[in-house]
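Reading the structure
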Amino acid sequence: MAKQTKQVAILGLGIFGSTLSETLSNYGVEVLAVDNDPTCVERIAEFVTRAVVADVTDKDQLLELGVDQFDYVVVSLSKHFEESVLCTMILKEFGVPNIIVKARTKRKSMILEKVGATQVINVEKDMAHRVAKRLLRRSIVDLIELDDEYSIVEIKAPNSWIGHTLRNLNVRTAYGMNIIGIRSKNQEKMNMDFLADYQVLPGDHFLVVAKTNEIEDWDYLTKD
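Residues numbered from 1 in each chain as written. Predicted model: local features only at pLDDT ≥ 70, side-chain atom pairs only at ≥ 80, totals over all residues. Heavy atoms only, no water.

**Focus on the packing of aromatic side chains**
Remark: the centre distance and the inter-plane angle together describe each pair of aromatic rings, the angle taken between the planes. Put simply, the rule reads: Pairs were defined over the aromatic rings of Phe, Tyr and Trp, the Trp ring being its six-membered one, requiring ring centres within 6.5 Å. Orientation was assigned from the angle between planes: stacked under 30 degrees, edge-to-face over 60, tilted for the rest. Two thresholds decide whether a charge sits over a ring: the Lys NZ or Arg CZ must be within 6 Å of the ring centre and within 35 degrees of the ring normal.
Taken as a whole, this structure holds 4 aromatic pairs when the rule is applied. An aromatic cluster is defined as three or more aromatic residues linked by ring pairs; in this entry it consists of W161, Y175, F206 and W218. Between R138 and the ring centre of Y220, over which it is positioned, the NZ or CZ distance is 5.4 Å.

Here is the structure:
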């Protein structure tokens, strides 16, 4: 029988693991939250599908919890590197297809990838990159990643677009953007029903689908 909802196991319930557990649960994801500290488990128990006190480096305990059946497992043990390595190796042995591990340094990231992590994240480094990108933004108002390649992005109309029609701008070919909505100045509602002859006005915002890297590069190079 096909799974009705995405299931994620989160091993380690510090600030990152707990916040991730609660956030995913709020979006309807089935979350198994595991830590060896009863206090951490008790704190998150009301928010997740299941919260358990267990040793995440104990293969038998993980098997008993059914962690080997999960498509996604997050290892949030960056303060205990040896435990992170051992846990990652066990998950790799189980054949878990997506093993996301939290690490603090590039060297540790390399080791974790060698022993089986499919993705390694550095929370502080990743957040620094995100903040830097936000500070560099010119036309991008908001960006929501759809996957590893594409995002839905709200952009302000650059000065060079004003007075031109969408047909003449041909933004799909010129910039790789697919416009799906327009919001005029001082209007809260996004207009999804527009024509190619729409003429861009000062203060217009556009909702577009585009490759994340390409639109970020476009935004950084925009001069107006």
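Still more to cover.
**Structural notes on the pattern of salt bridges**
Rules: A carboxyl oxygen of Asp or Glu within 4 Å of a side-chain nitrogen of Lys or Arg is what we treat as a salt bridge. The way it works is that DSSP assigns letters per residue, a run of H or I at least four long becomes a helix, a run of E at least two long becomes a strand, and they are numbered from the N terminus. Burial here depends on accessible area, computed with a 1.4 Å probe over protein chains only, as a share of the maximum for the residue type. Under 20% is buried, over 50% is exposed, and the range in between is partly exposed.
Per the stated rule, a full pass over the model turns up 4 salt bridges. The salt bridge involving E149 is made with K211; its shortest N-O contact spans 3.4 Å. Of this pair, E149 sits in the loop between β7 (140–145) and β8 (150–156) while K211 is found in strand β10 (residues 205–211), placing the two residues 62 residues apart along the sequence. Given a relative accessible area of 39%, E149 falls into the partly exposed group. Classification of K211 as partly exposed rests on a relative accessible area of 29%. For R167, the salt bridge identified is with D197, shortest N-O distance 3.0 Å. Taken together, the residues R167 in helix α7 (residues 166–169) and D197 in the loop between β9 (178–183) and β10 connect sequence positions 30 residues apart.

**Examining the nonpolar core**
Short version of the rule: The set of buried Ala, Val, Leu, Ile, Met, Phe, Trp, Tyr and Cys residues whose side-chain atoms join them within 4.5 Å is what this entry labels a nonpolar core. Any pair of residues with heavy atoms lying within 4.5 Å of one another is described as a contacting pair.
Among the nonpolar cores identified, the biggest contains 26 residues, and L11, L32, V73 and L91 are the most heavily contacted of them. The set of elements that each furnish at least two residues to this core consists of β1 (7–11), β2 (30–35), α3 (59–65), β4 (72–75), α4 (81–94) and β5 (98–102). Per element, the largest residue contribution to this core is 5 residues, and it comes from α4. Those residues in contact with V73 that lie beyond four places of it in its chain are A9, L11, V67, L91, V96, N98, I99 and I100.

**Quick look at the side chain of S25**
To keep it simple, the criterion reads: Counted as a polar contact is a pair of N or O atoms within 3.5 Å, where, for protein atoms, one must be capable of donating a hydrogen and the other of accepting one, and residues adjacent in sequence contribute only when both atoms are in side chains.
As for its position among the elements, S25 is in helix α1 (residues 15–26). From its side chain, S25 meets the backbone oxygen of F47 in a polar contact 3.1 Å long.

**Examining the sheet that holds strand β6 (residues 119–121)**
Basically, it comes down to this: Should DSSP find at least two bridges between two strands, the strands are regarded as paired. Convention adopted: a line fitted to C-alpha atoms gives each axis, helices being fitted over their contacting stretch, and angles between N-to-C directions are expressed from 0 to 180 degrees.
Judged by pairing direction, the sheet is parallel, and its 6 strands sit side by side in the order β3-β2-β1-β4-β5-β6 without closing on themselves. Lying at the two open borders of the sheet, with one neighbouring strand each, are β3 (50–53) and β6. Averaged over all adjacent pairs, the angle separating strand axes in this sheet is 15 degrees, with direction ignored. Strand direction decides the pairing type here: β1 and β2, joined by 5 bridges, are parallel.

**Digging into unusual backbone geometry**
Working note: non-glycine residues mostly have negative phi, and peptide bonds are mostly trans. Backbone geometry places N170, a non-glycine residue, at a positive phi of 50 degrees. Mapped onto the fold, N170 is located in the loop between α7 and α8 (171–175).

**Focus on a nonpolar patch on the surface**
Operational definition: In this analysis, a patch consists of residues with relative accessible area above 30% that form no salt bridge, clustered at 9 Å for like charges and at 5 Å for the nonpolar side chains Val, Leu, Ile, Met, Phe, Trp and Tyr. Per-residue and other accessible areas follow the Shrake-Rupley method at a 1.4 Å probe size, with only the shown protein chains counted as cover for residues.
Where nonpolar side chains cluster on the molecular surface, the patch consists of M127, V131 and L135 and spans about 310 Å² of accessible area. By the secondary structure assignment, V131 is in helix α6 (residues 123–136).

**Looking at the side chain of S151**
Locating S151 in the fold gives a position in strand β8. On the basis of relative accessibility, which here comes to 0%, the residue S151 falls in the buried class. Only 2.6 Å separates the side chain of S151 from the side chain of T212, close enough to count as a polar contact.

**A look at the environment of T57**
Relative to the helices and strands, T57 resides in the loop between β3 and α3. Considered as a pair, T57 and S84 are 27 residues apart in the sequence and their alpha carbons are 8.2 Å apart. Residues contacting T57, with those up to four places away along its chain left out, are E83, L86 and I90. Among the polar contacts made by the side chain of T57, one reaches the side chain of D55 at a distance of 2.7 Å.

**A look at the sheet that holds β9**
As summarised here, the arrangement of the 4 strands in space is β7-β8-β10-β9, forming an open sheet in which the pairing is antiparallel. Among the strands making up the open sheet, the edge pair consists of β7 and β9. On average, each strand axis in the sheet is tilted by 20 degrees relative to the strand beside it, whichever way the strands run. When β7 meets β8, the two strands line up antiparallel, connected through 5 bridges. Looking at the pairing, I140 lines up with I155 of β8.

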